[in-house]
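The residues making up each chain are set out below.
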Amino acid sequence: MKNAPRHHAVIGAGWAGCAAAVTLAAAGHRVSLFEAARTLGGRARRIDLDGRLLDNGQHILLGAYRATLALMKQVGVSADAALLRLPLQMRYPLEAGGDGMDFVAPRLPAPWHVAVALLRAKGLAREDKLALARFSTTARWMGWQLHQDCSVAELLERYEQTPRLVKLMWAPLCIAALNTPPERASAQVFLNVLRDSLGARRAASDMLIPRLDLSALLPDAAADYLTRRGGLVLPGVTVGHIAPGSAPGSWRLAARQGEDLGEFSGVVLATGPEAAAQLLEGLHDTDALRALRHEPITTCYLQYRAPLRLAAPFYALADAPEREAWGQFVFDRGQLGGAAGLLAVVVSAAGRAIADGHAALAEGIVRQLADDFGLPALATPQWSRVVTEKRATFSCTPGLTRPDSAGLPAGLALAGDYVAGDYPATLEGAVRSGRAAARLLAA
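Our subject in this report is the structure included herewith. (Residues numbered from 1 in each chain as written. Predicted model: local features only at pLDDT ≥ 70, side-chain atom pairs only at ≥ 80, totals over all residues. Heavy atoms only, no water.)

**Let's talk about the overall build of the chain**
When you go through the chain residue by residue, the secondary structure sums to 14 helices and 20 strands. The globule rule puts the C-alpha radius of gyration for 443 residues at 22 Å, and the 22 Å found for the chain is close to it. Taken over 443 residues, the chain has a buried fraction of 55%. The contacts in the chain between residues at least 6 apart in sequence include a share of 67% that link residues at least 24 apart. (Helix = DSSP H or I, 4+ residues; strand = E, 2+ residues; numbered from the N terminus. Rg over C-alpha atoms; globule rule 2.2 N^0.38 Å. Buried < 20%, exposed > 50% of the residue type's maximum accessible area, 1.4 Å probe, protein only. Contact = heavy atoms within 4.5 Å.)

Shown next as structure tokens:
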């Protein structure tokens with residue numbers, strides 16, 4: 001990035017777009033960041049529901065998210081203040097005699113933290129623990145690499161993982177990381193996530209839970225960073241057209257209503273794949289963008305009277321669709337800087353869960369919480385709100401060909417959590433792709 005400063009445009013102020021914009025600005029380039037919505041953050045942002053500021057979903061970051069943590073530091077966000085750091089864990093509510101498990105890794109060097117957690121784990125039989133140890137050892141020996149991709153379910157069956165371990169450990173981790181059911185999820189991408197968490201140094205597997213709303217966690221600070229360096233942040237502006245500019249590799253943008261937005265030396269398309277395909281129509285092959293399928297994520301917010309507090313900041317939940325128990329994880333937002341008594345229950349790959357509507361889903365989750373925790377008070381929240389991102393992530397299936405910037409006309413680059421890379425649709429994947437797109441343009 002030693003070229004003369006130029007003026008670049010970034011379309012989309014999600015986490016990929018923010019990463020691209022900050023990377024370009026840090027290299028001395030002028031940046032205009034366009035965002036169709038009024039709030040920055042894309043599919044990880046703050047929303048206003050009836051005067052209540054909530055998030056459009058609940059995220060867990062990992063200690064392995066080096067690019068994300070570095071970007072937060074770069075724009076002035078203290079990770080220690082903004083994130084609650086917890087050791088790797090998979091804890092189910094056992095207070096009511098629930099059929100779950102309690103797995104918490106101690107703060108020991110890798111791989112001893114996992115080994116000791118496995119020895120101490122409650123709710124797993126000897127054959128479950130041996131199966132988990134066998135899987136981990138074999139995956140390390142394989143270098144976390146498959147000769148040919150397959151589904152996560154097939155991988156787990158191949159390595160003789162017990163039904164209980166699949167139900168309580170592997171399936172929840174797969175759905176949380178890939179937002180795709182194990183029967184349809186890519187085993188190789190799942191192994192990539194395990195490699196950089198379970199298979200790396202101990203701190204890489206730490207779970208980092210936001211204490212701030214998702215827009216404040218990065219996008220708002222990124223916007224301030226840009227404006228301090230002469231950039232423009234333009235929320236509420238939808239870019240509807242891209243056309244070649246007056247100089248080779250330059251591009252002229254127009255708003256959806258036809259308003260001219262200026263000419264730029266380069267453009268990062270950090271929108272969702274559908275919007276990117278529309279903008280690239282006639283300029284580049286968009287088949288890979290249009291071929292992506294998507295999975296929803298639903299978050300059910302439940303407000304209880306202020307004294308209510310869970311024993312831990314978050315728990316895994318055993319979902320059971322046959323009894324409308326859809327919840328997979330519950331977070332006590334009162335322990336994370338939010339309102340006391342506010343719980344957030346996450347349902348990933350939520351297609352079936354939302355089929356009967358938000359009211360039915362909330363009722364099923366309320367019953368699930370009251371039963372699992374043995375707390376009748378959980379059956380009567382003061383209010384509930386259900387938020388669904390219908391196209392939250394791409395469906396991360398085996399052998400999926402993901403789009404990238406290869407072959408794009410000069411001066412254009414793609415960024416987003418769906419762009420080709422090792423990771424599924426995660427914040428880390430988005431940030432990495434944004435950084436890479438910015439470097440491609442600046443070079």
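**Remarks on empty space enclosed by the protein**
Under the counting rule described, the total for this entry stands at one cavity of 30 Å³ or more. In this structure, the largest cavity occupies an estimated 40 Å³ of space. Lining the largest cavity, in full, are F135, T138, A139, M142, L155, Y159 and L191. Sorting elements by how many residues they give to the lining of the largest cavity places helix 5 (residues 126-141) first, with three residues. Residues of the lining of the largest cavity, tallied by class, amount to six nonpolar, one polar and no charged. (1 Å grid on protein atoms, 1.4 Å probe; cavity = no way out; pocket = protein on both sides within 12 Å on 5 of 7 lines; lining within 4 Å. Points joined across faces, edges and corners; volume = space filled by probe spheres on them. Nonpolar A, V, L, I, M, F, W, Y, C, P; charged D, E, K, R; others polar.)

**Concerning the pattern of salt bridges**
In the structure shown here, the tally under the stated rule is 22 salt bridges. A salt bridge links D50 to R385, with the nearest nitrogen and oxygen atoms 2.8 Å apart. Taken together, the residues span a long stretch of sequence, with D50 in the loop between strand 3 (46-49) and strand 4 (52-55) and R385 in strand 19 (residues 383-394) at a distance of 335 residues. A relative accessible area of 60% means that D50 is categorised as exposed. Among the salt bridges present, the one from R158 reaches E154, with a minimum N-O distance of 3.3 Å. On the criterion of helical spacing, the pair formed by R158 and E154 is a turn pair, its members being four residues apart in helix 6 (residues 152-158). Look at R158 and you get partly exposed, because its relative accessible area is 41%. Three or more residues are tied together by salt bridges with common partners; here these are R85, R107, R202 and D206. (Salt bridge = Lys/Arg side-chain N within 4 Å of Asp/Glu carboxyl O.)

**Considerations on the environment of V419**
With respect to the element layout, V419 can be found in the loop between strand 20 (412-414) and helix 14 (427-442). Once the C-alpha coordinates of V419 and A270 are considered, the two residues, 149 residues apart in sequence, prove to be 9.8 Å apart. The contact partners of V419, leaving out residues within four places of it in the chain, are R402, P403, D404, L414 and S433.

**Side note on the nonpolar core**
If you look at the biggest cluster of nonpolar residues, it comprises 126 residues, and the most contacted ones within it are F103, W170 and L253. Ignoring sequence-local partners within four residues, the contact set of W170 consists of L132, F135, L156, Q161, L165, F190, L194 and L198. Counting residues in each nonpolar core, the second largest holds 24 residues, with Y315, V347, V366 and L369 among its members. (Core = buried A, V, L, I, M, F, W, Y, C linked by side-chain atoms within 4.5 Å.)

**A short note on the sheet that holds strand 2 (residues 30-35)**
Pairing within the open sheet is parallel, and its five strands lie in the order 10-2-1-14-20. The sheet is open, and its two borders are formed by strand 10 (232-235) and strand 20, each paired with just one other strand. The average angle at which neighbouring strand axes cross in this sheet is 15°, direction not considered. Examined bridge by bridge, strand 2 and strand 10 share four bridges and lie parallel to one another. (Pairing = 2+ DSSP bridges. Axes fitted to C-alpha atoms, helices over the stretch in contact; angles between N-to-C directions.)

**Some words on the sheet that holds strand 6 (residues 83-86)**
In spatial order, the strands read 5-9-6; together these three strands make up an open sheet with antiparallel pairing. The outermost strands of the open sheet, each flanked by one partner alone, are strand 5 (61-62) and strand 6. Where strand 6 meets strand 9 (residues 207-210), four bridges bridge the pair, whose relative direction is antiparallel. Each residue of the ladder has a partner; that of L84, found in strand 9, is I209.

**A few points about the packing of helix 5 against helix 7 (residues 163-178)**
Interhelical geometry of helix 5 versus helix 7 gives an angle of 55° and a closest axis separation of 9 Å. The angle between helix 5 and helix 7 falls in the class oblique. Every pair of crossing elements has a handedness; the one defined by helix 5 and helix 7 is right-handed. Only R164, L165, M169 and W170 of helix 7 make contact with helix 5, whose side of the interface consists of D128, A131, L132 and F135. (Parallel < 35°, antiparallel > 145°, perpendicular 65-115°, else oblique. Left-handed = near helix turned anticlockwise from the far one by under 90°.)

**A short note on the side chain of T180**
Note on placement: T180 falls in the loop between helix 7 and helix 8 (187-195). A polar contact is formed between the side chain of T180 and the backbone oxygen of L178, at a distance of 2.9 Å. Here the side chain of T180 touches C396 through a polar contact of 3.0 Å, landing on its backbone nitrogen. Residues contacting T180, with those up to four places away along its chain left out, are C174, I175, A185, E295, F394, S395 and C396. (Polar contact = N/O pair within 3.5 Å; in protein donor to acceptor, adjacent residues only side chain to side chain.)

**A look at helix 13 (residues 358-373)**
A rise of 1.5 Å per residue sets the reference length of helix 13, with its 16 residues, at 22 Å; its end C-alpha atoms lie 22 Å apart and thus fit the reference within 8%. Looking at helix 13, one finds that the buried residues are L361, A362, G364, I365, V366, Q368, L369, A370, D372 and F373. Each element contacted by the buried residues of helix 13 is listed here: strand 15 (294-303), strand 16 (314-316), strand 17 (329-332), strand 18 (342-348) and strand 19. Phi turns positive one or two residues past the end of helix 13, at G374, with a value near 65°. (Expected span 1.5 Å × (residues − 1).)

**Quick notes on the layout of surface pockets**
Roughly 240 Å³ of volume is contained in the second largest pocket. Along the wall of the second largest pocket there are 13 residues; nearest its centre are V114, A115, L118, A133 and S136. Only helix 4 (112-120) and helix 5 provide two or more residues apiece to the lining of the second largest pocket. If one sorts the elements of the lining of the second largest pocket by residue count, helix 5 sits on top with seven residues. Across the lining of the second largest pocket, the residue classes break down as nine nonpolar, two polar and two charged.

Coordinates in, geometry out; function isn't part of it.
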